[in-house]
Amino acid sequence: MSFLQRQLEDPVRLRRIKRWFYVGLVVVFLAEGALALAQKVLPETFGSEHSHFWFEGIPAFGSLYGLASCVAIIVVSKFLGKVWLMRREDYYDS
Amino acid sequence: MTDFPVLSVTTFLPLVGAAVILLAGSERLARWIALVTTLATLAVAAPLFCSGYPWSFDKQSSALQFVDEYGDWIPTLDIAYRLGVDGISLPFIFLSVLLSVLCVGVSWTAVQTRMREFYAALLVAETAMIGLFAAANLFLFFFFWELMVVPMFLIIGVWGGPNRVYAAIKFLLFTLAGSVLMLVGMIVLYDATPELALQPSGMLDFSALAGASLEPGLQVWLFVAFLAAFAVKVPMFPVHTWLPDAHTEAPTAGSVILAGILLKMGAYGFLRVSLPIFPNAVQLFLTPMLVISAVAIVYGAYVTLAQTDIKRLIAYSSVSHMGFVTLGIFTLNTSAVEGAILQMVNHGIISAALFLCVGMIYERTHTREIKDYGGVAKLAPGWSILLALFCLAAAGFPGLNSFVGEFLIVSGAFKTSAWLGGMAIWGVALGTIYMVWLFYRVVMGEKNSGLEGLKLELNAREVVILAPLALLALCLGLYPECVLSYLHVPVAELLPAGGTP
Amino acid sequence: MPLDFLKLDWIHPGLLLILGAWVLPFLKGWFKRAAMVLLPAAALAVCLSMTEGTFGEVKFLGQTLVFGRVDPLSLIFSYVFSIMAFLGMVYALHVKDDAQHVTALTYAGGALGVTFAGDFLSLYVFWELMAISSVLLVWLRREPSAVTAGFRYILVHVFGGLVLLAGIVLHCTAKGSFDFESLGAIPASDADWAVILGWSLILVGFLLNAAVPPLGAWLPDAYPEATVTGAVFMTAFTTKTAVYVLIRGFAVPGGNDLIVWLGAAMAIYGVVYAVLENDARRLLAYHIISQVGYMVCAVGIGSDLAINGASAHAFAHILYKALLFMGAGAVLHVTGLRKLSEMGGLYKTMPITLGLYMIGAFAISAVPLFSGFVSKSMIVSAAGEGERQWIFLMLTLASAGTFLHTGLKLPYYMFFGKDSGVRAQEPPKNMLVAMALAAAACVLIGVLPGLLYEQLPNTVDGHVLYADGSTYHPYTLPHVTSTLGMLGFTALGFFLLLKQLDPEPKISLDTDWFYRKGSSAFESVTRGTLARVESGFVGEIYEFVMRRPVLGAAHLLRKLDTRIVDYAVVSVGRLTQAFSQILKTTVSGNAQHYGLLMAAGVLALLALTMIAR
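Just so it is clear, the structure is predicted and the values come from calculations on it, not from any experiment.

### Observations concerning the overall build of chain C
Then comes step 1: Check the secondary structure of chain C and you find 22 helices and three strands.
Then comes step 2: Relative to its full complement of 613 residues, chain C shows a buried share of 59%.
Then comes step 3: Pairs at least 24 apart in sequence give 82% of the contacts found in chain C among residues at least 6 apart.
Then comes step 4: When the accessible surface of chain C is split by element, carbon and sulfur atoms take 68% of a total near 23,100 Å².

This is the structure we're talking about:
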């Protein structure tokens, strides 16, 4: 078995990987949030001079927007596909 | 050098060759005599195309050069025998001389019956072609115009394809209908300019006629009379229908001459006769001529797309390409007219090359239907490469000859009207499409089983025939000045007489 | 100067590739393979050793054509094009079909030609050369679907080329010269119609090659149909030369709102369609549209930072997109599969391909330490600088989508996911080497962005600057954390909605519908109606107006001739017989009579005129 197979096919190892993933998400989320708050308190130290928009000041904006974007794209695209765009594979063959 | 009657010899040498062939009686010798004659004509004509020597062609002068005259040719009519060339006629004489050699070459094995008559007819046609472009007065012009019809009729009607008689007669009737009106016009013109009798160049002389200002009403009628002849020859829509049949049924040499030279005679007529002599009429007819040209471009291109026979496809594309030429001429602006003349030369080269290619492969496969071809690339790579070059050139690919001509004409069209420019561009688009599509269906794709076992590749003779045309396509594409430099002075001379610069 | 001894002050690298390409079929064995790789390497060397200036000026039609306009903008694009040509040839070393190599190098040479073109005419020549050589890359796959896709491709590009030509003619006639300089902002509504039309048509011609919707349907249509190695070339050149000419011609400091919105919409459009895609390379093709959208948007923004961003992003994009296509192509090569619904479980036997592919995926997703992170962010920052908040949001949304598809969906379904049972080997060594080199470049740029930044067109002392003069640094704490957050939570969304994303074996409609369904209408017009008009109406007129009456009269005359005139014509007949020896009879006996008629007629007319005098 190759290295990857060992990692992914063993349920114990897989669960461990997933757990680390969630931990990572939480860490990033908190880091972003902390940074945003720190920017409000000490603007110069934490480099906010290049943010131009009000929403950039929202804590953990990147994380939240990322999740929202992902969901939005999937939902809207699938909807468009079902309603209009998706056709049989041989649609163009005459 | 200036005393030697270069033009007369060039014009009538082929006729002498034709006589020799007919008198000699041997079938096998006929093609050799024809080859020698055409090559000799090319050699004799060579001094015409040089420049830079004191005895050679002077690009700076708009007057006729290398003039051969015999003033007392028809004393009762005061018509002189006068041949001369200027910058506009010179490229066509070159084309005529060159294509005649190539026609003899391509018919070498293709024509097996009645060879003497065939090569004699070819040579008579050559005389007529050269004479027409060299004619310095309208009488000689008409004479050679009519002379051209006889050998072409025979070439199509005797040595052509299955439907040749129909095509030949159609060709004859269309052409004669136009010529009759031209004859009437010529006679009326003769009558209207009695003062020319006193001049040494005699009646119906082109330069003298250009100077004579005719009454506008008369100009209109004369323009229409000559239009009938020229429009049929070009051919302009809707009197173009003789062309597909004639081109398709003619043997390869016939198609080459038809597409390469004959069509140009009509446009040349506009440049030589209509524009200088009937300027007021030209102004009046400007819009209809431009519209018809634009229609010819687009209509011709669309009908081309629907063709299934290769020769017929190329024939219809000529309708579209000549539409560009007449469009360029009638915009009456300098760069467009130069582009139109350049395009006439280009089309002569490219159509001739395409018909030669088709003819060569037809000799082997005996079918012209596109569906009988496919995958020729593997069987005949040399032929395919040359065909690719000529298809790209016909499509107006930059770097090859047609691009420059089309570019100049399109610029001129846009200066006149955005609609014309748009239709011209649309014509170029369609042109590219049908050429690419033709190439794709014939050369690429799956190998057609019907081609199994045939030796399709070109032999040395055929490569030698196509080579000069390929070289010309490249040279003119990269260095169009070599033709355009001849045109600057005469076109500048032509246009103030004819219309707006 | 290294080339002094040759008395050349400049070699055109594009011509080097094009001419060198045509020599290739005549070489054999390892000579040929060496040449395949050395040619682009030589081109790269030439580009790196160039000095700035104007070279290769040629007089044509009274104007000056400039084949060698060398400045920082053209240089950076030339570097990446040459590198790409090199990588592509390494990737294609195993291909036996010479035609593919010749066309690929010609295509790359054409791109270099466009890059260095200083005037519109030489631009157009190389533009068309690129169109022709790229369609050959599609056709050379020699499958029926490739054939038809290629035909559609060339139709679209011919159309685009001619729109461009019309624009060039109008623009150059109005300007009086062929020079390819900035066309400026959108012309005022009261300007000369020729100027407005020229500006618009040139823009449309460029936008078409950049695959901007609605003109871009050709890209997802044709790229998946190209050969495995050909597609790698195609991703780089057509669209990026279009970006280059857009920067050169339409990036103005004040910005071009139209182009900004087109770019942003394009970025999202590509991402939306990619959700629905089942064909792996088609999905990646839609991503090209999305990423080029960023570049087009930057052209519209027009500030120095934006131009830098567009150039940097183009550079990075060529490399990571090539890597992605190489990966998908490698899978196609060893398994023959192109649809995601049929793949899965490949990680078991193709770990190296997977790994290299993921580097490309991380690069395109702008993961920190990879090339996309340092280039894409410049564009988004430029949007921020210009106070364009909706554009900023749209571009960020598209970034999330990019990671979703290229970094998550595609590898998941291709390499992981449900096991399809396919056990394929790793692809040939040369393909892996090419991928490894591209991956290395992606990482190198990500870790040492200064290397790229120094080459950008608008740098001051090798630094990229904001409008306010401060230096641009990609690796700032806010930037890194927000990017990681965005990426991480996008991944979360992916895993939550995994079921929704299962690829279905279906196709999605794009704007090519118009000419695909529409082309049958076109054909029925030309084949049917018009052809009927031509042969019927126009041809029939001949029949009734000319042929019947004239031949009828001729028959009548023939009767006259045989019955009445015959007697008088005996002596003329003797002459005719000698004459007809030359004429010879045609199939019907009528030719003699026609010949007689003609000769007699002309003689009579001439006689008449002479007598009448």
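### Side note on the environment of B:W145
Residue and element names in this part refer to chain B.
Then comes step 1: Positionally, W145 belongs in helix α5 (residues 138–159).
Then comes step 2: Separated by 53 residues in sequence, W145 and F92 place their C-alpha atoms 15 Å apart.
Then comes step 3: Excluding residues that lie within four positions of it along the chain, W145 makes contacts with L132, S179, M182, A229, F230, K233, M265 and G266.

### Some details on the packing of helix α15 (residues 389–415) of chain C against helix α18 (residues 477–496) of chain C
When two helices pack together, you describe them by how their axes are tilted relative to each other and by the distance separating the axes.
All names here are of chain C.
Then comes step 1: Close contact between α15 and α18 brings their axes to 9 Å; oriented N to C, the two are set at 55°. The angle between the axes of α15 and α18 places the two elements in the oblique class. Crossing angle aside, the handedness with which α15 passes α18 is right-handed. Within the contact between the two elements, α15 uses T396, S399, A400, F403, L404, L408, K409 and Y412 and α18 uses M486, L487, T490, A491 and F494.

### Notes on the interface of chain A and chain C
Then comes step 1: Contacts between the two partners involve 45 residues from chain A, matched on the other side by 59 residues from chain C.
Then comes step 2: Summed over both sides, the interface between chain A and chain C buries roughly 4,600 Å², with carbon and sulfur atoms accounting for 74% of that surface.
Then comes step 3: The largest contributions to the chain A side of the interface with chain C come from A:M86, A:E89 and A:Y92, which together make up 16% of the buried area.
Then comes step 4: Inspection of the region where chain A meets chain C yields zero salt bridges.
Then comes step 5: Linking chain A with chain C are two residue pairs in polar contact (both at pLDDT 80 or more), by the criterion used here.

### As for a positive patch on the surface
Then comes step 1: On the surface, A:R15, A:R16, A:K18 and A:R19 cluster together into a positively charged patch.
Then comes step 2: Inspection of the secondary structure assignment puts A:R19 in helix α2 (residues 11–41).

### Considerations on the pattern of salt bridges
All names here are of chain C.
Then comes step 1: One pass over the structure, following the stated rule, counts 15 salt bridges over all chains.
Then comes step 2: Among the ionic pairs, R69 bridges to E181, the shortest N-O distance being 3.6 Å. Of this pair, R69 sits in strand β2 (residues 63–70) while E181 sits in the loop between α6 (144–175) and α7 (193–209); the two residues are 112 residues apart in sequence, bridging distant segments of the chain.
Then comes step 3: With a relative accessible area of 10%, R69 lands in the buried category.
Then comes step 4: A single salt-bridge network, built from bridges that share partners, covers R141, E225, D279 and R338.

### What to know about helix α13 (residues 351–364) of chain C
Residue and element names in this part refer to chain C.
Then comes step 1: Taking 1.5 Å per residue, 14 residues should reach 20 Å; α13 reaches 20 Å between its end C-alpha atoms and fits that length.
Then comes step 2: Of all the residues in α13, the buried ones are T353, L354, L356, Y357, M358, G360, A361, A363 and I364.
Then comes step 3: One or two residues past the end of α13 sits A366, with phi positive at roughly 65°.

### Focus on unusual backbone geometry
Then comes step 1: Along the chain, B:V234 connects to B:P235 via a cis peptide bond; the corresponding omega equals -10°.
Then comes step 2: Relative to the elements of secondary structure, B:P235 occurs in the loop between α8 (216–233) and α9 (242–249).
Then comes step 3: The phi dihedral of B:R114 falls on the positive side, at around 50°, and the residue is not glycine.
Then comes step 4: Looking at the element boundaries, B:R114 is found in the loop between α3 (89–106) and α4 (115–134).
Then comes step 5: The exposure class of B:R114 is partly exposed, given its relative accessible area of 35%.
Then comes step 6: Residue C:A366 is not a glycine yet carries a positive backbone phi of 65°.

### Concerning the arrangement of the chains
Then comes step 1: Ranking by contact count across two pairs of chains in contact places chains A and C at the top.
Then comes step 2: There is no contact between chain A and chain B; across them, the least C-alpha separation is 19 Å.

### Side note on the confidence of the model for chain A
Then comes step 1: Confidence along chain A averages 77 in pLDDT terms, with 85% of residues attaining 70 or more.
Then comes step 2: Per-residue pLDDT, averaged within each element of chain A, yields its smallest value for helix α1 (residues 3–9) of chain A (71) and its largest for helix α3 (residues 61–85) of chain A (84).

### With respect to the nonpolar core
Across soluble globular proteins, you tend to see nonpolar side chains buried next to one another.
All names here are of chain C.
Then comes step 1: If you look at the biggest cluster of nonpolar residues, it comprises 430 residues, and the most contacted ones within it are F206 and F237.
Then comes step 2: Examining the composition of this core, we find that 20 residues originate from one element, helix α12 (residues 304–335), more than from any other.
Then comes step 3: Non-local contacts of F237, meaning those with residues more than four positions away in its chain, are made with F81, M84, A85, Y107, A108, A111 and M130.

### Digging into the packing of aromatic side chains
Then comes step 1: Scanning the entire structure with this criterion turns up 53 aromatic pairs over all chains.
Then comes step 2: Taken together, the ring pairs in this structure connect B:F92, B:F133, B:F141, B:W145, B:F206, B:F226, B:F230, B:Y268, B:F270, B:F278 and B:F330 into an aromatic cluster.
Then comes step 3: Here the basic side chain of B:R368 rests over the ring of B:Y362, its NZ or CZ set 5.7 Å away from the ring centre.
Then comes step 4: Here C:K376 stacks its cationic end above the ring of C:Y294, 4.9 Å away from the centre of that ring.

### Overview of the side chain of C:S365
Then comes step 1: Looking at the element boundaries, C:S365 is found in the loop between α13 and α14 (371–385).
Then comes step 2: Setting aside its immediate chain neighbours within four residues, C:S365 contacts C:T402, C:F403, C:G407 and C:L487.

### Describing the pairing of β2(C)
Then comes step 1: Sheet topology places strand β1 (residues 53–60) of chain C next to β2(C); seven bridges connect them, and they run antiparallel. From the neighbouring strand, C:V58 faces β2(C), where its bridge partner is C:L65.

The rules we used
Residues numbered from 1 in each chain as written. Chains lettered and ligands numbered in written order. Predicted model: local features only at pLDDT ≥ 70, side-chain atom pairs only at ≥ 80, totals over all residues. Heavy atoms only, no water. Helix = DSSP H or I, 4+ residues; strand = E, 2+ residues; numbered from the N terminus. Buried < 20%, exposed > 50% of the residue type's maximum accessible area, 1.4 Å probe, protein only. Contact = heavy atoms within 4.5 Å. Areas by Shrake-Rupley, 256 points an atom, 1.4 Å probe, with all protein chains shown as cover. Axes fitted to C-alpha atoms, helices over the stretch in contact; angles between N-to-C directions. Parallel < 35°, antiparallel > 145°, perpendicular 65-115°, else oblique. Left-handed = near helix turned anticlockwise from the far one by under 90°. Buried area = accessible area lost by both parts, 1.4 Å probe. Salt bridge = Lys/Arg side-chain N within 4 Å of Asp/Glu carboxyl O. Polar contact = N/O pair within 3.5 Å; in protein donor to acceptor, adjacent residues only side chain to side chain. Patch = residues over 30% accessible without salt bridge, like charges linked within 9 Å, V, L, I, M, F, W, Y side chains within 5 Å. Lys, Arg positive; Asp, Glu negative; His and termini not counted. Charge placed at Lys NZ, Arg CZ, Asp CG, Glu CD. Expected span 1.5 Å × (residues − 1). pLDDT = per-residue confidence, 0-100. Core = buried A, V, L, I, M, F, W, Y, C linked by side-chain atoms within 4.5 Å. Phe/Tyr/Trp six-rings, centres within 6.5 Å; stacked < 30°, edge-to-face > 60°. Lys NZ or Arg CZ within 6 Å of the ring centre and 35° of its normal. Pairing = 2+ DSSP bridges.

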